[in-house]
Amino acid sequence: QVQLVESGGGLAQVGDSLRLSCAASGRTLSRYMMGWSRQPPGKEREFVAAINWSSVGSTYYADSVKGRFTISRDNAKNTVYLQMNDPKGEDTAVYYCAAGVLVNPRGPYSAWGQGTQVTVSS
């Protein structure tokens with residue numbers, strides 16, 4: 001099992017940028033899929049982005065964030081990032097980092113972080 005800790009959330013205005021971080025520990029990330037999901041207020045959790053922790057590092061994005069968000073990794077730090085450019089009001093949510101030995105980047109993930117709140121105001 002891997003332990004995940006998210007950080008970087010906060011309050012932002014439309015047009016700003018944010019970068020969320022997810023630090024992993026407890027297990028090596030080889031063969032793992034790392035993903036970001038979010039839960040808007042009053043809504044169900046939804047997939048945002050994922051990256052395969054391999055030499056290829058394939059990335060996957062939900063249509064709603066494609067072109068605005070970028071998922072990346074720092075192998076030396078065992079950390080995955082979510083760069084949020086041009087955040088919109090509908091991006092307001094609790095963002096969760098997740099990990100799992102997966103083929104499908106949408107899950108099901110076996111490990112989850114506590115979440116970090118992102119609030120985007122107009």
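Visitor: Could you clarify how one ought to interpret the overall build of the protein in this entry?
Guide: In terms of helices and strands, the protein carries 0 helices and 11 strands. The order of helices and strands in the protein, counted from the N terminus, is β-β-β-β-β-β-β-β-β-β-β. For the protein, whose C-alpha radius of gyration is 13 Å, the value lies close to the compact-globule estimate of 14 Å for 122 residues. For the C-alpha atoms alone, the extent of the protein along its principal axes is close to 40 × 25 × 25 Å. If you take every contact in the protein between residues at least 6 apart in sequence, the share linking residues at least 24 apart comes to 54%. As presented, the protein carries roughly 6,300 Å² of accessible surface, and 46% of it is formed by carbon and sulfur atoms.

Visitor: Help me understand the packing of aromatic side chains, please; the structure alone is not making it clear to me.
Guide: Centre-to-centre distance and the angle between the planes together describe a pair of aromatic rings. As enumerated under the stated definition, the model contains 2 aromatic pairs in all. Summarising the aromatic geometry, the rings of Tyr 109 and Trp 112 are spaced 6.0 Å apart at their centres and angled 75° between planes, so their arrangement reads as edge-to-face. We classify Tyr 109 as buried; its relative accessible area is 10%. Given the relative accessible area of 36%, Trp 112 is considered partly exposed. An aromatic cluster is present here, built from Tyr 96, Tyr 109 and Trp 112 joined pairwise through their rings. We note Arg 45 situated over the ring of Trp 112; from NZ or CZ to the ring centre the distance is 4.5 Å. Over the aromatic face of Trp 53 sits the side chain of Arg 73, whose NZ or CZ is 5.4 Å from the ring centroid.

Visitor: Whenever I open this one, the sheet that holds strand 8 (residues 79-85) confuses me. Can you help?
Guide: Read from one edge to the other, the open sheet built from 4 strands follows the order 1-3-8-7, with strand pairing classed as antiparallel. Each edge of the open sheet carries a strand with a single partner, namely strand 1 (3-7) and strand 7 (69-74). Shown here is a sheet whose adjacent strand axes are inclined to one another by a mean of 20°, direction ignored.

Visitor: It is not clear to me how unusual backbone geometry should be interpreted in this structure. Could you clarify?
Guide: Outside of glycine, negative phi angles account for most residues, and trans bonds account for most peptide bonds. Note that the residue after Gly 107, namely Pro 108, is joined by a cis bond; omega there is 5°. Mapped onto the elements, Pro 108 comes out in the loop between strand 9 (93-100) and strand 10 (111-112). The residue Asn 78 is not glycine, and still its phi comes out positive at about 50°. Accessibility expressed as a relative area gives 26% for Asn 78, which makes it partly exposed. Positive phi values are uncommon outside glycine, yet Asp 86 reaches one of about 50°. Looking at where Asp 86 falls in the secondary structure, it is placed in the loop between strand 8 and strand 9.

Criteria and cut-off values
- Residues numbered from 1 in each chain as written.
- Predicted model: local features only at pLDDT ≥ 70, side-chain atom pairs only at ≥ 80, totals over all residues.
- Heavy atoms only, no water.
- Helix = DSSP H or I, 4+ residues; strand = E, 2+ residues; numbered from the N terminus.
- Rg over C-alpha atoms; globule rule 2.2 N^0.38 Å.
- Contact = heavy atoms within 4.5 Å.
- Areas by Shrake-Rupley, 256 points an atom, 1.4 Å probe, with all protein chains shown as cover.
- Phe/Tyr/Trp six-rings, centres within 6.5 Å; stacked < 30°, edge-to-face > 60°.
- Buried < 20%, exposed > 50% of the residue type's maximum accessible area, 1.4 Å probe, protein only.
- Lys NZ or Arg CZ within 6 Å of the ring centre and 35° of its normal.
- Pairing = 2+ DSSP bridges.
- Axes fitted to C-alpha atoms, helices over the stretch in contact; angles between N-to-C directions.

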